[in-house]
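# Commentary on secondary and tertiary structure
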Amino acid sequence: MAQYADIIAIDAPSEAASGGRVDFTIRVKNTYSAPIGMKVEATLEYGVPPWPSAIIPVDWANVDSQATWPFSGYFYMPGQKVTIHAKSFWYGADGQWYADDEMIKTVDLTSAGPPSISDFRIADFVKV
């Protein structure tokens with residue numbers, strides 16, 4: 001259980017195609033009695049460590065007491081299943097960031113079906 005920066009959810013698709021962009025949102029609630037600074041980071045766990053980080057353009061915010069803040073990010077799906085490992089932090093009065101909560105969400109690789117040609121026509125061209 002988090003002390004102040006409680007991760008409520010990771011909103012992400014359950015599967016994605018290799019090479020496709022995967023957008024996600026980490027929702028973090030301020031459980032403290034006053035506004036505090038909160039930030040997040042997300043590691044993409046797959047294959048052999050070290051694991052890369054996801055891109056979260058705005059990874060911190062000052063959040064009002066009892067409010068939930070959405071931190072949005074993305075990554076490009078590798079050729080295998082990925083576990084998004086999110087971590088939250090809160091900013092202390094001493095100027096330090098403190099690790100608080102963690103949550104994971106798995107994104108499976110979609111199975112690629114056979115390619116299909118839906119409407120293929122040969123046109124006659126007349127050269128004039």
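The model shown is predicted, which means the values in this text are computed figures rather than measured ones. Here the residue index of a chain counts from 1 through its sequence in written order. The model is predicted, so local features are restricted to residues of pLDDT at least 70 and side-chain atom pairs to those at 80 or more, both for listing and for counting; the totals for chains, interfaces and linings are taken over all residues. For side-chain calculations, the full set of non-hydrogen atoms in the structure is used, while hydrogens and water are omitted.

### Quick notes on the sheet that holds strand β7 (residues 82-91)
- At least two bridges found by DSSP between two strands is the condition for calling them paired. Helix and strand labels come from DSSP, where a helix needs a run of H or I of at least four residues and a strand needs a run of E of at least two; each type is numbered from the N terminus. With respect to topology, five strands assemble into an open sheet ordered β2-β8-β7-β4-β5, the strand pairing being mixed. At either end of the open sheet lies a strand with only one pairing partner, and these are β2 (15-16) and β5 (60-63).
- Both β2 and strand β8 (residues 97-109) contribute to a ladder of two bridges, which runs parallel. Bridging across to β8, A16 finds its partner in L109.

### Overview of the pairing of strand β1 (residues 5-11)
- The buried label goes to any residue with under 20% of its type's maximum accessible area, the exposed label to any with over 50%, and the partly exposed label to all in between, with areas taken from a 1.4 Å probe on protein chains only. Judged by how many residues are buried, β1 sits mostly within the fold: five of seven residues are covered.
- Judged from the six bridges that link them, β1 and strand β3 (residues 21-30) form a sheet pairing that is antiparallel. By the bridge assignment, D6 is partnered in β3 with K29.

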